[in-house]
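Structural description and commentary
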Amino acid sequence: MMAMAVTLSFLLPLAGTLILAFSGGRLGALASSVVGVGSVGLAALATAWAMMAHSGGSEGITLWTWIAVGDFQPTIGLAVDGLALVMMSVITGVGFLIHLFAAWYMTGEEGITRFYAWMNLFVFSMMLLVLGDNLLLLFLGWEGVGLCSYGLIGYYYQGSANGWAAFKAFVVTRIGDVFLALGLFLIFMELGTLDIQHLLALAPQQWQEGSTTANLAALLVLGGALGKSAQVPLHTWLPDAMAGPTPVSALIHAATMVTAGVYLIARLNGLFLLAPDVLLLVGVIGAVSLLLAAFAALAQTDIKRVLAYSTMSQIGYMFVALGVGAFDAAIFHLVTHAFFKALLFLSAGAVIISCHHEQDMRRLGGLWRKLPVAYGGFLVGGAALVALPLVSAGFFSKDEILWQAMAADQTGLLIVGLLGAVLTGIYTVRLILGTFHGEPGHGEPGSDHARHPEPGTNPLTHHLPLIVLAALSTFIGAWLYPGLGGLFPDAPGEAAETGHTLLQVLAMGAAIAGLLLAAWLYLWRRDWLAKKAGEGIGARLWTLWHHAWGFDALFDRVLVLPWQWVVKVLRVDLVNLVMNLPALLARALNAGLVKSQNGRVRSYALVMVLGATIILLALAVLPGGLA
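Residues numbered from 1 in each chain as written. Predicted model: local features only at pLDDT ≥ 70, side-chain atom pairs only at ≥ 80, totals over all residues. Heavy atoms only, no water.

On to the confidence of the model for the protein, then. With 96% of its residues at a pLDDT of 70 or more, the protein shows a mean pLDDT of 91. Throughout residues 442–455 the model reports pLDDT below 50, and contacts reaching past four residues in sequence, or to other chains, amount to 32 contacts. (pLDDT = per-residue confidence, 0-100. Contact = heavy atoms within 4.5 Å.)

And the structure:
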């Protein structure tokens, strides 16, 4: 029963992909939607079945042997435990709601069959990633989600900017993937296996804590995680990835793919515990990413880019949890974040479609009466994002992260987390006010009158996903999280609760302070703020944050331009030119000899006389002469 349920949960999306891909365009929009949405919906039911059939612990399901080369025999094998089931629930459950919403969002779009084929393939690849019992199979799913991300980001391929955004995402994440591949080679070379449970058992026996090999293996795996999870410095692809349809942003760039790095580190927790310095580095990178992204979100005018930087910031919280050894807290926030960020993206999609694909906040405003469901989604999702005390899912998961950082005596990470909570409140209020309240444009440069929303929302495909995600974004979503006690080593805060209440008060204060400060700035001091942001240091900070601290420009000058110069110099390859000299000389001699063969007897006779003369002269000059 268990094996059948788990197998169906990842084969059903694959079946949907094959049906759509090989339909040859003969399926209409309705049939494509039914196949695309239905396959993921059935996968969600199979996941629920698997959860009910799961008896606890870890269960292995071997389908067949993939490769057999001596002792190296990786399998197409599935490992099912609490972590895998939680991830499966997020992928198929939230994924189904996003697919259902896409049936409304993508109405009238060209290439709907292609869209659902990519989406179904993504779900299959993500399921393979979390279910694989060995790192080789995990890596196959890892690369699969990267490929699907490329196809979906560039879905509107007619626009060159969209193609470049897809290309950028593919290249940047490939950098991380190279590090992960090197990490897999090192692990196999040292431990002789890629089976996850086996290598986690062997690593403490083969490597000492803090050893060079353990640190190097952990660093290489971390490099892969940084690329997929869009953390500094491999984060620049995520904001540009918003070029894809909004359901793509909700599924890939909020709920699932960008959390793959968090899952990877949590799954290989035993490896990182052997490299405590690298584990701390995970937390530091998360804290830096958290702050940089939060400041960048303050200065974005595109509603999807605000949410993109918010995603990067919230994943930073997860990395902070991982860095202090609170693996369960990281997965807890991963789950709640999937709920409220998918809600925010889908609500943003409702705004974008209803306002004729307008997503610049400077041209929006006054929509709260016209789009009540989307407005409600923003309010509930925004409350979870800022961790509104007691009523939102985000409060419980974020509080756990901050508590674990405090319990681990990582005061710096704790302070960054609290500051991030204040900034989150500010940019969330700015996003909601700028989109739904006030007059269109708010008098900002480039403002335009808001367009009238289009009618045609559907209770099933539009309302239902938003309402369900809104419910999950409240404390209900936090209560539904089953916890992973026993799967991970004890976190720092599990041994004692001393100071937890004080920390909760601080966390509540940070969230409320952010909301109050945002209300003061954007409701009562808007003109003053606009003036400060338009001159002097305020204008420079706005420009810096609007361009996300200039990372793209930095990478362009440090990496791209030098590379283009090298390519230009090597366009005339000097080494290759030297190697070609013998061939060029042979061709020149051949050309001369070809011209001498002209078929004229007088020419041949002249050549013979000249040749004989040259020979006689040479003999006369040489020592001994003609004697």
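Having put the structure on the table, let's press on.
What follows concerns the pattern of salt bridges. In total, this model carries nine salt bridges according to the counting rule given. The salt bridge partner of D240 is K168, with a shortest N-O separation of 2.6 Å. Placement of the pair is D240 in helix α9 (residues 237–240) and K168 in helix α6 (residues 160–191), with a sequence separation of 72 residues. On the basis of relative accessible area, D240 is assigned to the partly exposed category, the value being 23%. (Salt bridge = Lys/Arg side-chain N within 4 Å of Asp/Glu carboxyl O. Helix = DSSP H or I, 4+ residues; strand = E, 2+ residues; numbered from the N terminus. Buried < 20%, exposed > 50% of the residue type's maximum accessible area, 1.4 Å probe, protein only.)

Next up on the list: the nonpolar core. In terms of nonpolar packing, the biggest core is built from 201 residues, with F115, L131, I187, L268, F272, I331 and V351 touching the most fellow members. Of all the elements, helix α15 (residues 327–354) adds the most residues to this core, at 20 residues. Setting aside anything within four residues of it in sequence, one finds I187 in contact with L135, G192, T193, L194, L199, W207, A217, V221 and L271. (Core = buried A, V, L, I, M, F, W, Y, C linked by side-chain atoms within 4.5 Å.)

Turning next to the layout of surface pockets. There is about 620 Å³ of room inside the second largest pocket. Looking at the lining of the second largest pocket, the elements with two or more residues in it are α6 and α24 (551–569). With eight residues, the top contributor of residues to the lining of the second largest pocket is α6. The residue inventory of the lining of the second largest pocket, partitioned by class, reads 14 nonpolar, two polar and four charged. (1 Å grid on protein atoms, 1.4 Å probe; cavity = no way out; pocket = protein on both sides within 12 Å on 5 of 7 lines; lining within 4 Å. Points joined across faces, edges and corners; volume = space filled by probe spheres on them. Nonpolar A, V, L, I, M, F, W, Y, C, P; charged D, E, K, R; others polar.)

Our focus in this paragraph is the packing of aromatic side chains. Tallying each qualifying case throughout the model produces 20 aromatic pairs. Plain terms: the ring middles of Y375 and F436 are 5.1 Å apart, the flat faces sit at 50° to each other, and that makes the pair tilted. One end of the pair, Y375, is in helix α16 (residues 372–385); the other, F436, is in helix α18 (residues 411–436), and 61 residues separate them in sequence. Accessibility classification places Y375 together with F436 in one group, the buried group. By the ring-pair criterion, three or more aromatic residues cluster together here, those being F115, Y116, Y155 and Y156. Against the face of F170 rests R174, its NZ or CZ located 4.3 Å from the ring centre. (Phe/Tyr/Trp six-rings, centres within 6.5 Å; stacked < 30°, edge-to-face > 60°. Lys NZ or Arg CZ within 6 Å of the ring centre and 35° of its normal.)

Further remarks concern helix α8 (residues 212–228). In this model α8 runs 25 Å from its N-terminal to its C-terminal C-alpha over 17 residues, within 8% of the 24 Å that 1.5 Å per residue would give. Of all the 17 residues making up α8, 13 are buried; the element is thus mostly covered by neighbouring parts of the structure. Within two residues after α8, A230 carries a phi angle of roughly 55°, on the positive side. (Expected span 1.5 Å × (residues − 1).)

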